Each structure stands twice: as C-alpha cells, then as structure tokens.
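Working through the structure, step by step
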Amino acid sequence: GQQVMQIPQYQHVQEGEDFTTYCNSSTTLSNIQWYKQRPGGHPVFLIQLVKSGEVKKQKRLTFQFGEAKKNSSLHITATQTTDVGTYFCAGRFLGAGSYQLTFGKGTKLSVIP
Amino acid sequence: DVKVTQSSRYLVKRTGEKVFLECVQDMDHENMFWYRQDPGLGLRLIYFSYDVKMKEKGDIPEGYSVSREKKERFSLILESASTNQTSMYLCASSFWPTGLAITDTQYFGPGTRLTVL
C-alpha cells in the first residue's frame, strides 16, 4: 500500500537547539497534516498543508510542503522542554482511498534541559 | 470542544475472549476511525466508517470487526483476542471535508491500552 516515510525515528537535542523531522511519499499527496503526541497522551492536530510549496508558521514551528507535494518537514527553532513528544505527519493520497490519512511512524523528540 | 471518549483506559483480557472497545464522539462527525499504535510502527488504521452502518477496511483489518449503529458511536470488536493484539487502540473522528483546502482534523480519544494474556 501507499506509505509515508518519516525520519528520523528518534532525536535527542539540547534545549535551545533546533529540530527537524521529514516526511516523504513516493506518490503525490493531496494534502498533509501534522500531529503532536505528548508522552502518555493522544495525537493532537497541529496544522494542514495543501498547496505546493506552502510554508506555515506557528510561533517556533515552521511547516513546509514540497513543490512536488511528495514531501514535508516540520522545523522547531530553539527547542524547549515543552516540545517533548512524538511528531507525526499524515498524508492524504490522491484518488482511491483519499478519505483516509496515512500516518508516518513518527519522530520522538527528547529535549535535554 | 470536540470530545472523543473511549470506554476503557486500560483493559486486560485472555486469549480467545471476545473484546469490545467503544468510542463515542459528541461533534456529529461523519467519519470515525480505529487505529492501533505500537512502538516503532506509528499509527496503523484498522477500520474506518464514513456513515452509520458503513465501514471500510484500513491497512490491518485482520482479526478485527467494527460496528456503527449510531452516528456518535463506533465499536471495535476483537472476535477472539490473541496476544499479538496487545496494543494501544486509538479512536478518532472527523467531519467530511467539502473541499481540498478544508481541514478535516482528526480528533483522537485518550486511547485504550489492551493487554491480552
């Protein structure tokens, strides 16, 4: 089936350092969503990207959607301990089955104070 | 605020038992989903439903069935639980997007951690 690959699986950063997670698909996505799951919690929606080359910002978080709509990234500037958690991308493929999201495996972020 | 509730936070069952996991949402969403979450494997879709009595298989439906008799309630059934079904089960709901740019956020419940002994 269609897959969304997400890397890295784990990332440990010192507080104040930047962090980036990447998602890639072999086929074109109609849109992509990002979710954050805090330890012991459930995934919570962060943002949706729809347009080719789209860039959206939420405070220290920057989300990008590639020109070909096959890849996306989430960048956190100057991480804080509150950023700890697992970040998931979730892509929607064009065509059949387009009503479901396909989640990446997630990137687990640890922030060392 | 959207609220998605799941019947149990923790559940322990024995191999071969029939297990029911229930999910209720209060936002009149058309779509409801069941995922399982395992370390290193992310979220995998088991089944989803886009309307009452309608269901579609996800990526890993084997060993599971679902029921949606009312719009707000979506049940996941393990007909005969096995140890490899020990996992965290997450329910989610969303409305049906009327356009590509419409954000069909999935709202997740707190999850049920199921252990099959």
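The following paragraphs examine the structure supplied in this document. (Residues numbered from 1 in each chain as written. Chains lettered and ligands numbered in written order. Predicted model: local features only at pLDDT ≥ 70, side-chain atom pairs only at ≥ 80, totals over all residues. Heavy atoms only, no water.)

What follows concerns the overall build of chain A. Regarding its fold elements, chain A presents zero helices and eleven strands. Sequence-ordered secondary structure for chain A, helices as α and strands as β, is β-β-β-β-β-β-β-β-β-β-β. In terms of overall size, chain A behaves like a compact globule, its C-alpha atoms giving a radius of gyration of 14 Å where 113 residues would be expected to give roughly 13 Å. Taken along the three principal axes of its C-alpha coordinates, chain A extends 45 × 25 × 20 Å. The proportion of buried residues among the 113 residues of chain A is 48%. When contacts within chain A are restricted to residue pairs at least 6 apart in sequence, those whose partners lie at least 24 apart make up 55%. Put simply, chain A shows about 5400 Å² of open surface, and 52% of that area lies on carbon and sulfur atoms. Of the side-chain charges in chain A, 12 are positive and 6 negative, and the distance between the mean point of each set is 10 Å. (Helix = DSSP H or I, 4+ residues; strand = E, 2+ residues; numbered from the N terminus. Rg over C-alpha atoms; globule rule 2.2 N^0.38 Å. Buried < 20%, exposed > 50% of the residue type's maximum accessible area, 1.4 Å probe, protein only. Contact = heavy atoms within 4.5 Å. Areas by Shrake-Rupley, 256 points an atom, 1.4 Å probe, with all protein chains shown as cover. Lys, Arg positive; Asp, Glu negative; His and termini not counted. Charge placed at Lys NZ, Arg CZ, Asp CG, Glu CD.)

What follows covers the overall build of chain B. In terms of regular secondary structure, chain B is built from zero helices and eleven strands. Seen in sequence order, chain B has helices and strands lined up from the N terminus as β-β-β-β-β-β-β-β-β-β-β. Here the C-alpha radius of gyration of chain B, 14 Å, is about what a compact globule of 117 residues would show, namely 13 Å. Seen through its C-alpha atoms, chain B measures out along the principal axes to roughly 45 × 30 × 25 Å. Within chain B, the proportion of its 117 residues that are buried is 46%. Contacts spanning at least 24 positions in sequence make up 57% of the contacts within chain B whose residues lie at least 6 apart. Per element, the accessible surface of chain B, about 5700 Å² overall, is 51% carbon and sulfur. Between the mean site of the 15 positive side-chain charges and the mean site of the 15 negative ones, chain B shows a separation of 7 Å.

A few words now on the sheet that holds strand E1 (residues 4-6) of chain B. All names here are of chain B. Read across the open sheet, the four strands follow the order E1-E3-E8-E7; overall the sheet is antiparallel. Pairing within the sheet leaves two strands with one partner each, and these edge strands are E1 and strand E7 (64-70). Adjacent strand axes in the sheet meet at a mean angle of 20°, parallel and antiparallel pairs treated alike. With five bridges connecting them, E7 and strand E8 (residues 73-78) associate as antiparallel partners. By the bridge assignment for E8, tyrosine 64 is matched with leucine 78. (Pairing = 2+ DSSP bridges. Axes fitted to C-alpha atoms, helices over the stretch in contact; angles between N-to-C directions.)

Time to look at the packing of aromatic side chains. Counted by the stated rule, this structure contains twelve aromatic pairs over all chains. Measuring from centroid to centroid gives 6.4 Å for phenylalanine 88 of chain A and phenylalanine 103 of chain A, while their planes differ by 80°, and the two rings are edge-to-face. Of this pair, phenylalanine 88 of chain A sits in strand E9 (residues 85-93) while phenylalanine 103 of chain A sits in strand E10 (residues 102-103); the two residues are 15 residues apart in sequence, bridging distant segments of the chain. Among the aromatic residues, those joined into a ring-pair cluster are Tyr35, Phe45, Phe88 and Phe103 of chain A together with Phe33, Tyr35, Phe48 and Phe108 of chain B. (Phe/Tyr/Trp six-rings, centres within 6.5 Å; stacked < 30°, edge-to-face > 60°.)

So, about the interface of chain B and chain A. Taken together, the 25 residues of chain B in the interface contact 20 residues of chain A. Note on chain B versus chain A: buried area summed over both sides is about 1900 Å², and carbon and sulfur give 56% of it. Linking chain B with chain A are zero salt bridges. Of all elements in the fold, only strand E4 (31-38), strand E5 (42-51) and strand E6 (54-57) of chain B reach the threshold of two or more residues within the side of chain B that touches chain A. (Buried area = accessible area lost by both parts, 1.4 Å probe. Salt bridge = Lys/Arg side-chain N within 4 Å of Asp/Glu carboxyl O.)

Geometric descriptors of this kind do not, in isolation, establish any biological role.
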